[in-house]
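Close look at the chain arrangement
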Amino acid sequence: MAGNCFLSLFDYKTEKYIVAKNKRVGVLYRLIQLSIIGYIIGWVFLKKKGYQETDEAIQSSVITKLKGVSVTNTSESGLLVWGPEDYVIPPQGEAVLFVVTNFLETPNQKLGYCAESPKVLDGHCRHDEDCEKGKIVVAGNGVMSGRCLRKNQSSSGTCEIYAWCPVERKFKPQRPLLANAENFTIYIKNFILFPKFEFTKSNVLETTDESYLKKCRYDEVLHPYCPIFRLGDITRRSGYSFQDMATFGGSIGIMIEWNCDLDKGYSNCNPVYHFTRLDISASNTTVAVGFNFRHTRYFKNDAGESYRSLFKVYGVRFNIMVHGQAGRFSIVPTAINVAAGLALMGAGAFFCDMVLLYLMKKGDSYRERKFEGFRDKKSSSEESNTDRKDELEQENLKLPS
């Protein structure tokens, strides 16, 4: 007995197939097979490149530099010449930078006592008791002195504060002062590394022509490896006009996408640029459109007194983002996807079996042939002996006494 069990380990077992002469189920089975084959070949292997091992852990470095000059002439500042060191913040060149296109200046501020701005709601008062001494004005410019400054007894006024005086003027700009900023150029140098494949590349054309970067401008077709962009072209590609953004500012996202098929070679790994405005919603109804912030410049006069000029600057903030993935042929994902396809083929056969067994009119006949009962010889002989014994007992009961 034990020897038979051991020898049975070397037996080869195969499945028994039943051919169902049913054209409708046969057509359904072939359609399922064709659909699965089309999915595996078309979607998994051709579209998603399921035969490749991928690396999405892209490592990137971005260096930026702006060029351009603008001139402004205002009553507060006079005639000023703006270079990159003046209108680029931060000036050293990073993946996030701000370009000034407009500004409001409050010059020659000095620490002292003056009236709070009427635009600050928490600074309004009618009596001195409304201006608690030493209290900081909420969303204001300084600390209350305890006095309420009014033009006359019947009107309300504003609290006197200790601050940098005079306080900032509150009004909206009407036009951009650095109107020609759309002609400024930004140089975006990007290095990428896919560590799994030790693959590196840059978005700058590999050439020995030193004058190339001085005369080229980015173009998707003619100069895809020129990293110099005109600011007006960037906003235009995002779907907006630079002049419309220059008055109150805005935010532009520059996406550099690297999707590299390394099976096709080094030259087929190319950067693709996408430009999107980030500070505005699809409905365009928000009151927070634009981008601005304040900064100061401090100085002292001949007497040693400290002064400052307060600038509220508007401009375009550029956010440079890099993402991508690289792929290369590998036997492991190929084998996994082929095995998944074969498993789906088996699922198609299972589905057709369910149709034949439970949805067709002759399902009972198909079940009789698909599922066969089996009894071993010993059980069959015991059962026949039992039946024979019962027959003899019945015959004995029929005999006369």
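Relevant structure appears above.
The structure contained in this document is the topic of the report that follows.

Let's shift gears to the nonpolar core. If you look at the biggest cluster of nonpolar residues, it comprises 43 residues, and the most contacted ones within it are Y87, L231, I234 and F318. Secondary structure elements with two or more residues in this core: β2 (59–67), β6 (96–115), β10 (185–194), α5 (231–237), α6 (242–246), β13 (250–261), β14 (271–277) and β16 (306–329). Considering each element in turn, this core owes the most residues, 6 residues, to β16. Excluding anything up to four places from it in sequence, L231 contacts L66, V99, A181, E182, F184, I186, F242 and F318. Among the nonpolar cores identified, the runner-up in size contains 12 residues, and C114, V120, C131 and A163 belong to it.

Counted according to the given criterion, the structure contains 5 disulfides. Each sulfur of the disulfide joining C114 and C165 lies 2.0 Å from the other. Between C114 and C165, the S-S dihedral sits near -75 degrees, and the bridge is therefore left-handed. Residue C114 is located in strand β6, and its partner C165 is located in strand β9 (residues 157–165); the two are separated by 51 residues in the primary sequence. We classify C165 as buried; its relative accessible area is 12%. Between the sulfur atoms of C260 and its disulfide mate C269 the distance is 1.8 Å. In the protein chain, the bonded cysteines, numbered by position in the sequence, are linked as 1-6, 2-4, 3-5, 7-8, 9-10.

This brings us to empty space enclosed by the protein. A full pass over the atoms with the stated rule returns 1 cavity of 30 Å³ or more. Each pocket or cavity is described by its volume, and for the largest cavity that value is around 40 Å³. Looking at the largest cavity, the residues that line it are L104, E105, T106, E168, R169, F171 and K312. Take the lining of the largest cavity: its biggest share by element is 3 residues, from β6. Considered class by class, the residues forming the lining of the largest cavity number 2 nonpolar, 1 polar and 4 charged.

About the cut-offs
- Residues numbered from 1 in each chain as written.
- Predicted model: local features only at pLDDT ≥ 70, side-chain atom pairs only at ≥ 80, totals over all residues.
- Heavy atoms only, no water.
- Core = buried A, V, L, I, M, F, W, Y, C linked by side-chain atoms within 4.5 Å.
- Buried < 20%, exposed > 50% of the residue type's maximum accessible area, 1.4 Å probe, protein only.
- Helix = DSSP H or I, 4+ residues; strand = E, 2+ residues; numbered from the N terminus.
- Contact = heavy atoms within 4.5 Å.
- Disulfide = S-S within 2.5 Å.
- 1 Å grid on protein atoms, 1.4 Å probe; cavity = no way out; pocket = protein on both sides within 12 Å on 5 of 7 lines; lining within 4 Å.
- Points joined across faces, edges and corners; volume = space filled by probe spheres on them.
- Nonpolar A, V, L, I, M, F, W, Y, C, P; charged D, E, K, R; others polar.

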